[in-house]
Amino acid sequence: MGQSKPVRKAVFPVAGLGTRFLPATKSIPKEMLPIVDKPLIQYAVEEALDAGIDTLIFVTSRNKHAISDHFDTAFELQTRLAEDGKTELLKRITQIVPDEVNLVYVTQPEALGLGHAILCAETIVGDEPFAILLADDMIRNRGAGALEQMIELHRESGSSVIGVEEIPDELTTSYGIVGVQVNEQRQNAIHTIVEKPKPEDAPSRLGVVGRYILDSSVFSCLRRVTAGSGGEIQLTDGIAAMLQTQPVLAFPFDGERYDCGSRHGFIKATIDYALEHDELREDMLDHMHRLLKTSGRI
Ligand code: G1P
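Per chain, the residues get numbers from 1 upward, laid out in the order the sequence is written. Totals for whole chains, interfaces and linings use every residue, but because this is a predicted model, local features are given only for residues with pLDDT of at least 70 and side-chain atom pairs only at 80 or more, for both listing and counting. Side-chain descriptors were evaluated using all non-hydrogen atoms of the structure, hydrogens and water having been removed beforehand.

1. Quick notes on the overall build of the chain
Line of reasoning, step 1. Looking only at helices and strands, the chain features 11 helices and 13 strands.
Line of reasoning, step 2. C-alpha atoms define the radius of gyration in this analysis, and the globule rule sets the expected value at 2.2 Å times the number of residues to the power 0.38. Against the globule reference of 19 Å for 298 residues, the chain gives a C-alpha radius of gyration of 20 Å, in line with a compact fold.
Line of reasoning, step 3. Each of the three principal axes of the chain carries a C-alpha extent, and together these read 60 × 50 × 35 Å.
Line of reasoning, step 4. Buried positions account for 47% of the 298 residues belonging to the chain.
Line of reasoning, step 5. Should any heavy atoms of two residues lie within 4.5 Å, those residues are considered in contact. Sequence separation of 24 or more characterises 75% of the internal contacts of the chain that already satisfy a separation of 6 or more.
Line of reasoning, step 6. Counting every atom, the chain has about 15,800 Å² of accessible surface; 50% of that belongs to carbon and sulfur.
Line of reasoning, step 7. For the charge count, each Lys or Arg is scored as positive and each Asp or Glu as negative, with His and the chain ends excluded. One atom stands in for each charge, and that atom is NZ of Lys, CZ of Arg, CG of Asp or CD of Glu. On the chain, the mean spot of the 30 positive side-chain charges and the mean spot of the 44 negative ones are 4 Å from each other. Under the DSSP-based scheme used, a helix requires at least four consecutive residues in state H or I and a strand at least two consecutive residues in state E, with every element numbered from the N terminus. Throughout, exposure labels follow a simple rule: accessible area from a 1.4 Å probe, protein chains only, divided by the maximum for the residue type, with under 20% read as buried, over 50% as exposed, and the rest as partly exposed. All accessible areas in this document rest on Shrake-Rupley with a 1.4 Å probe, and a residue is counted as covered only by the protein chains that are shown.

Structure below.
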């Protein structure tokens, strides 16, 4: 493939119901649940900004004001922190997204699935390649973020790119699973993609993680998709249709990924981020040491 347009826009589908975290998510979106002191959505937004994205498109549903409020100016709070001379805290709430970045909110009128949510962003994305980030997949990196790595591969190859990682047998029913073949450029070209297959039907153990860079032709494919796994319009099915006409690469990114849509993944992320935090690390280690001792593990 040749040169393609740069990836400038990122779509964040945030209209899900978050049932696995009820009652916490009864009145706030799951993307607003915090890992240490930042909500999940902010980590995903920071990953996108680090990768050079300049337009953030949130696909929301009713009752998701908390997300737009989070990225909006909080005059009262800012005035108060400024008056009290709390400049460090003030910086934390005023520099989340730089002024030159555009934020766009689109409503998904009905929860018809991830593919449908992406379709809701079509007019804003237009005719250019774009990124999708699912905020409940958190990816921790010391170097370049996962999306930045994927954008690099997209720049080199001109192809759509999907983030993947090896998953255990029993989890194929929780992920999109891809079948790949290594091409001449030593890239993993996807030949099959299936949403949440049983282990015996899965083409491999490579699971799709919530990072995608897709050609805009995925929209016309999605418009033709009918309800699939779970009775929903699946993004996976739109990508499967796209495979008929163009290459899509699977990319095993560098970084540690946490499934923050599940309680155990969420808690592991909290522990790991707390241990990286200068103010929390020592205290947390002491606490864990005590826990391991009293439980007889050490
Ligand atoms: C979605 C996608 C699935 C992907 C997963 C990654 O599923 O449909 O293909 O593997 O995100 O987190 P969900 O977790 O929304 O059920």
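2. Focus on the packing of aromatic side chains
Between two aromatic rings, the relevant description is the distance of the centres plus the angle of the planes.
Line of reasoning, step 1. Each aromatic pair joins two rings of Phe, Tyr and Trp (for Trp, the six-membered one) with centres within 6.5 Å, and gets the label stacked for planes under 30 degrees apart, edge-to-face for over 60, and tilted for any other angle. Applying the stated criterion across every chain yields a total of seven aromatic pairs.
Line of reasoning, step 2. Relative to Tyr273, the ring of Tyr43 has its centre 5.1 Å away and its plane inclined at 70°; by these criteria the two rings are edge-to-face. With Tyr43 in helix α1 (residues 40–50) and Tyr273 in helix α10 (residues 263–276), the pair connects residues that are 230 residues apart, well separated along the chain. Of the two residues, Tyr43 and Tyr273, neither departs from the other in class, the shared state being buried.
Line of reasoning, step 3. Here the aromatic cluster, defined as three or more aromatic residues joined through ring pairs, consists of Phe12, Phe58, Phe71 and Tyr105.
Line of reasoning, step 4. We call a charge positioned over a ring when the NZ of a Lys or the CZ of an Arg lies within 6 Å of the ring centre and within 35 degrees of the ring normal. For Lys38, the ring lying beneath its charged end belongs to Tyr43, and the centroid distance is 4.9 Å.
Line of reasoning, step 5. For the cation-ring pair, Arg140 lies above Tyr273, with the distance from its terminal atom to the ring centre recorded as 5.8 Å.

Keep in mind that these numbers describe shape and distance, not what the molecule does.
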